Amino acid sequence: MPWARRFPFLVLFLTCTAGSLRAQVGVVGVRDLAFGNVIPGIQTIVSPSDPVRSGMWEVSAQQGDRVRVRLTLPARLTAPGGSQMPVTFGNNDAIAVSDAPGATPVTFNPRASQNFRLVTSGRFFIFLGGRVTPAGTQAPGAYTATALLTVTVF
Amino acid sequence: MRSMKTVSALLAGFLSLAGTANAQGTINVTATVQVPITVTGAQDLNFGNVIQGVPSTIDATNAAAGRFDVTGSPSTGVNMSFTLPANLTNGGNNLPIGSWTGNWNTTATPTGTGFTPSGGNTAATTSAGGNLFVFIGATVSPGAAQALGAYTGTVTLTVIY
């Protein structure tokens, strides 16, 4: 790259600038949303406030950031044999809460994007609940799907 | 000049990156569909005739032990809990019953795993065919002046995954 040899400090400047201005954010899946054992024909609900079975992510950004939270949710769980089971998410099936002491949890609809400003801390958690509705003839077995959380700092 | 255009394009690219970032994380959503559990009282725990002042015991391994037949998912862990009477009754008369013993097996013979029946959970595992057999015994202790008659009580077994 001849231009780089001619402008070595410019390249260094651009690299440092991009590195220092770019916002930092991290998302880690902490806990699966686990419905456990379910019985054909009987709906099973997991609350987002369930301390054991609700899904959980940890998000690390910077205090003062504005973030957009978007969940990509499955419509059905699938068993190894190909059987499927509906899974649905209600308007109050997600909770966001800062790790700051005394923070108030915010309940929101996981099917819609949510914007938050991180006032007291850059670290927060997203919890997810939902419900599965096995059919009366649902085939026994282990069913799984994936839920994706995307956090954008803007 | 060409070099400057390249630098300008890179600069624009860097600036568009600056100030925004996103990250993603996944979790699994899981559920296990199980066969519904059925519990059937298959055989009463029957002490037969007992004598005033003489305790009578039927152990869980005895052929006369009470028996529950359970069906559910194959080769699956379950938890058993019991509601046990403290007395058998005959009208207003009580016949104390206690010292409960238990035995569970994947076949219909009381030669499996011993346990003490209680209101707490006892773990067991169904057979490859989804069967579980639970046997229960106890001791009745009639008083020396125990009123004569037929005494009965109810034992309830609850099984969950």
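Quick look at the structure, then.

Reading the values: the criteria
- Residues numbered from 1 in each chain as written.
- Chains lettered and ligands numbered in written order.
- Predicted model: local features only at pLDDT ≥ 70, side-chain atom pairs only at ≥ 80, totals over all residues.
- Helix = DSSP H or I, 4+ residues; strand = E, 2+ residues; numbered from the N terminus.
- Buried ≥ 20, exposed ≤ 12 C-beta atoms within 10 Å, placed from the backbone.
- Contact = placed C-beta atoms within 7 Å.
- Core = buried A, V, L, I, M, F, W, Y, C linked by C-beta atoms within 7 Å.
- Pairing = 2+ DSSP bridges.
- Axes fitted to C-alpha atoms, helices over the stretch in contact; angles between N-to-C directions.

1. Re the overall build of chain B
Phase 1: Counting its regular elements, chain B contains 1 helix and 11 strands.
Phase 2: Here chain B holds 161 residues, and the buried ones make up 25% of them.
Phase 3: Residue pairs in contact within chain B that sit at least 24 positions apart in sequence constitute 78% of those at least 6 positions apart.

2. Details of the overall build of chain A
Phase 1: A tally of helices and strands in chain A yields 2 helices and 13 strands.
Phase 2: Counting all 154 residues of chain A, 30% fall into the buried class.
Phase 3: The contacts of chain A with a sequence gap of at least 6 include a subset with a gap of at least 24, amounting to 74%.

3. Some points on the nonpolar core
Nonpolar side chains in soluble globular proteins tend to be buried together.
Phase 1: By size, the foremost hydrophobic cluster in this structure holds 36 residues, and its most contacted members are V59 and I126 of chain A together with A31 of chain B.
Phase 2: Listing elements by their share of this core, those giving two or more residues are strand 2 (33–38), strand 4 (55–60), strand 5 (66–72), strand 7 (84–88), strand 8 (94–98), strand 11 (123–128) and strand 13 (141–153) of chain A together with strand 1 (21–33) of chain B.
Phase 3: It is strand 13 of chain A that provides the largest number of residues to this core, a total of 5 residues.
Phase 4: In this structure, I58, V70, W104 and Y151 of chain B belong to the second largest nonpolar core, which totals 23 residues.

4. Some details on the sheet that holds strand 11 of chain A
Residues and elements named next belong to chain A.
Phase 1: Read from one edge to the other, the open sheet built from 5 strands follows the order 1-4-11-8-9, with strand pairing classed as antiparallel. At either end of the open sheet lies a strand with only one pairing partner, and these are strand 1 (26–31) and strand 9 (106–108). Neighbouring strand axes in the sheet, compared pairwise and without regard to direction, differ in orientation by 20° on average.
Phase 2: The sheet contact formed by strand 8 and strand 9 spans 3 bridges and is antiparallel. Paired with A94 across the bridge in strand 9 is F108.

5. Regarding unusual backbone geometry
Most peptide bonds adopt trans geometry, and most residues besides glycine take a negative phi value.
All names here are of chain B.
Phase 1: The residue S75 is not glycine, and still its phi comes out positive at about 50°.
Phase 2: Take S75: it is sitting in the loop between strand 4 (66–71) and strand 5 (77–83).
Phase 3: Classification of S75 as exposed rests on a count of 12 C-beta atoms within 10 Å.
Phase 4: Backbone geometry at S99 places phi at a positive 50°, although glycine is not the residue there.
Phase 5: Summarising the element assignment, S99 is placed in strand 7 (residues 93–105).

6. Here we look at the sheet that holds strand 9 (residues 122–125) of chain B
Residues and elements named next belong to chain B.
Phase 1: Within the open sheet, the 3 strands sit side by side as 9-5-11. Their pairing is antiparallel. Edge positions in the sheet fall to strand 9 and strand 11 (156–160), since each has one partner strand and no second. The sheet shows a mean angle of 35° between the axes of neighbouring strands, taken without regard to direction.
Phase 2: Bridge analysis of strand 5 against strand 9 gives 4 bridges, and the strand direction is antiparallel. Along strand 9, the bridge assignment pairs N79 with A123.

7. Observations concerning the pairing of strand 10 (residues 131–140) of chain B
Residue and element names in this part refer to chain B.
Phase 1: Where burial is concerned, most of strand 10 is hidden: 8 out of the 10 residues are buried.
Phase 2: Inspection of the sheet shows strand 3 (residues 56–58) paired to strand 10 by 3 bridges, in the antiparallel sense. Residue pairing across strands places I58 opposite A138, the latter belonging to strand 10.
Phase 3: In this structure, strand 7 lies alongside strand 10, joined through 7 bridges in antiparallel fashion. Bridge pairing in strand 10 links G98 to T139.

8. Here we look at the environment of A86 of chain B
Residues and elements named next belong to chain B.
Phase 1: With respect to the helices and strands, the residue A86 is situated in the loop between strand 5 and strand 6 (87–90).
Phase 2: A86 sits in the exposed class, given 9 other C-beta atoms within 10 Å.
Phase 3: In this structure the C-alpha to C-alpha distance between A86 and G98, which are 12 residues apart in sequence, comes to 6.4 Å.

9. Regarding the environment of R66 of chain A
Phase 1: Counting through the fold element by element, R66 of chain A comes out in strand 5.
Phase 2: It is 15 Å that separates the C-alpha atoms of R66 of chain A and V27 of chain A, two residues lying 39 residues apart in sequence.

10. A short note on the environment of A144 of chain B
Residue and element names in this part refer to chain B.
Phase 1: Turning to its location among the elements, A144 is positioned in the loop between strand 10 and strand 11.
Phase 2: Assessed through the 8 C-beta atoms surrounding it within 10 Å, A144 is described here as exposed.
Phase 3: The spatial distance from the C-alpha of A144 to the C-alpha of N28 is 64 Å, given a sequence separation of 116 residues.
Phase 4: Ignoring sequence-local partners within four residues, the contact set of A144 consists of Q52 and G53.

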